[in-house]
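What follows is each chain in one-letter form.
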Amino acid sequence: MNWRGVLIGCGFFARNHMQAWAGLQEASIVAVCDIDPAKAQAFADEFGATAYVDAARMLEEVKPDFTDIATTVATHRSLVELAARHSRAVICQKPFAETLADGHAMVAACEAAAIPLIIHENFRWQAPFRALKSQLDAGAIGDPHFLRLSFRHAFDIYANQPYLARVQDLALTDVGLHLFDLAVFLHGGVERVSCETQSLNPKVSGQDAFAALLRHRSGAVTSVECSFYSHLTPDPFPQTLARIEGTSGTLELLEGCVLRLHRGGEVSETDVDPAVPAWGERPWHLVQDSVTAFQSHVVDVLAGRDNPQPSGAHNLGTLAIMLAAIESARTGSALAPEHSAKGAP
Ligand SMILES: NC(=O)c1ccc[n+]([C@@H]2O[C@H](COP(=O)([O-])OP(=O)(O)OC[C@H]3O[C@@H](n4cnc5c(N)ncnc54)[C@H](O)[C@@H]3O)[C@@H](O)[C@H]2O)c1
């Protein structure tokens, strides 16, 4: 089977989507769309697809098996609702939605069409976190009770994505969501959130750092730290460092993609650095490999071999954690994430 897909939004990150789709046997992007005709045409020429400037027209003409939405968040709701009327599966980049109301509407649109809505949350698909999760599931450290996630760097993210310098709550909305998804992936649903934010880089208008504390329903606790203004040599971007402690051991994800296991008084290390894709480059290979892993998963969903990880309904829970973190930082109080979606953590 070769699933026929279309891509909406031919910007910075979509290049990774296109390269990864081109490497998969079971799916092809047959048409691309951008409101900027030059961007759509450039992708169409490079990847052998048809260019459109109007998503509605593309979807009506192509009637794809799946629609991959890689625009920024303000357009996600209208494009997901549109794609739900014309394709058999919808993929939406993170942040999934700006508000819970938008997120609920997008989930409802796909449920009404009886099609999967899959959120492009690629951090949980990064090779180091897949390795850590499989050790956890195999009982390597017993029952987990504490997780620390740390994403701190000073890589110039504004060079490729200049709009980020004007985003309010930048660290929480750009990478915080990914980190909260990881926390839920590893520890399950969250009942309480507290958060502090900081504005560090004088050239950036939003808050570019935060520290959050999550209390999970299991009783486990997660500490999440993120900063886009941490000066380190070498710069660890784009790696997320982690430590998860359990009843019989500890797993650490260390710089250079090393997974260290402490158990029974012994320590062992595994190299979990993914290969650099033929089309990729360091330090982006960690992210690029995760896009391929995520899209392979999408093919499994299309073929009925797996359920979306995460689905839109599940990601509503992550969105609720992020919104609670923003509110906690504003009010100085600990808050319960508010959501009521079926499937949300
Ligand atoms: N998962 C990750 O690791 C990761 C990394 C970077 C960015 N992202 C996400 O990817 C998304 C895109 O980010 P980016 O930095 O590539 O943005 P970008 O601005 O470079 O690209 C977005 C593109 O969408 C186009 N567009 C906007 N509205 C459109 C519409 N209605 N129809 C067709 N095209 C439209 C724009 O013209 C632009 O070319 C964001 O949601 C961002 O958060 C995810």
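For the structure, see preceding data.
Quick caveat, the model's predicted, so the values are computed rather than measured. Sequence order as written defines the numbering, with residues in each chain counted from 1. Per-residue local features of the predicted model are confined to residues with pLDDT of at least 70, and side-chain atom pairs are confined, for both listing and counting, to 80 or more; whole-chain, interface and lining totals are unaffected and use all residues. Only heavy atoms go into the side-chain values, all of them from the structure, while hydrogens and water stay out.

What follows concerns the site of the ligand. Neighbouring residues are identified by heavy atoms, a residue being near a molecule or strand if any of them is within 4 Å of it. Taken together, the neighbourhood of the ligand is formed by 23 residues, with F13, D34, K39, N122 and Y163 sitting nearest. Counted as a polar contact is a pair of N or O atoms within 3.5 Å, where, for protein atoms, one must be capable of donating a hydrogen and the other of accepting one, and residues adjacent in sequence contribute only when both atoms are in side chains. A distance of 2.6 Å separates an oxygen atom of the ligand from a polar side-chain atom of D34. Within the side chain of N122, an N or O atom sits 2.8 Å from a nitrogen atom of the ligand. The Shrake-Rupley method, run with a 1.4 Å probe sphere, supplies the accessible areas, and residue values consider only the shown protein chains as cover. For the ligand, whose unbound accessible area comes to 850 Å², protein coverage reaches 86%. Under the scheme applied here, ten amino acids are nonpolar (Ala, Val, Leu, Ile, Met, Phe, Trp, Tyr, Cys and Pro), four are charged (Asp, Glu, Lys and Arg), and all others, including Gly, are polar. Taken together, the residues that form the shell around the ligand break down as 9 nonpolar, 11 polar and 3 charged.

Let us look at the state of the cysteines. Two cysteine sulfur atoms form a disulfide, by the criterion used here, when they sit within 2.5 Å. Evaluated as defined, the whole model comprises 0 disulfides. Between C110, a free cysteine, and C92, which holds the nearest cysteine sulfur, the sulfur-to-sulfur gap is 9.1 Å. Each residue's exposure class comes from its accessible area (1.4 Å probe, protein chains only) as a fraction of the maximum for that residue type: buried when under 20%, exposed when over 50%, partly exposed otherwise. Overall, C110 belongs to the buried group, its relative accessible area being 1%. Between C195, a free cysteine, and C226, which holds the nearest cysteine sulfur, the sulfur-to-sulfur gap is 9.8 Å.

Core analysis: the largest hydrophobic core is formed by 84 residues, its most contacted members being F96, L117, L149, L179, F180, F210 and F228. Counting residues per element, this core draws most heavily on helix α7 (residues 170-187), which supplies 12 residues. Source of the domain bounds: an automatic or database domain assignment. Both of domain 1 (3-115) and domain 2 (123-286 + 309-331) provide at least three residues apiece to this core. Here F180 is in contact with L172, F210, A212, L214, V224, T318, I321, M322 and A325, once residues within four sequence places are set aside. Nonpolar cores are built from buried Ala, Val, Leu, Ile, Met, Phe, Trp, Tyr and Cys residues. Side-chain atoms within 4.5 Å join them into one set. The next biggest cluster of nonpolar side chains, apart from the first, holds 26 residues, and it includes M18, F66, I118 and V298. Only runs of H or I of at least four residues qualify as helices and only runs of E of at least two qualify as strands under DSSP, and these elements are numbered from the N terminus. Note on definitions: a residue-residue contact is assigned when non-hydrogen atoms from the two residues lie within 4.5 Å.

Axis lines are fitted through C-alpha atoms, for helices just across the contact stretch, and the angle between N-to-C directions can take any value from 0 to 180 degrees. Running from N to C, helix α6 (residues 127-137) and α7 cross one another at 20°; their axes reach a closest spacing of 10 Å. By the angle between their axes, α6 is roughly parallel relative to α7. Crossing hand, α6 versus α7: right-handed. Within the contact between the two elements, α6 uses F129, L132, K133 and L136 and α7 uses L182, F185 and L186. Of the residues assigned to the contact of α6 with α7, the class counts are 6 nonpolar, no polar and 1 charged. Oblique is the label for any angle not covered by the other classes, which are roughly parallel (under 35 degrees), roughly antiparallel (over 145) and roughly perpendicular (65 to 115). Throughout, a crossing is termed right-handed when the near helix is turned clockwise from the far one, and left-handed when it is turned anticlockwise from it by less than a right angle.

This paragraph deals with the sheet that holds strand β9 (residues 209-216). Between any two strands, at least two bridges found by DSSP are needed for them to pair. Here we have 8 strands laid out as an open sheet, ordered β8-β9-β10-β7-β11-β12-β13-β14, and mixed in their pairing. Pairing within the sheet leaves two strands with one partner each, and these edge strands are β8 (190-198) and β14 (266-271). Strand after strand, the sheet turns through a mean of 10° between neighbouring axes, direction not considered. Pairing between strand β12 (residues 249-254) and strand β13 (residues 258-263): 6 bridges, direction antiparallel. In the strand pairing of β13, E252 is matched with R260. Lying over the sheet, α6 contacts β7 (144-152), β11 (241-246), β12 and β13, oriented at roughly 175° with respect to β12.

Geometric values such as these leave the question of function open.
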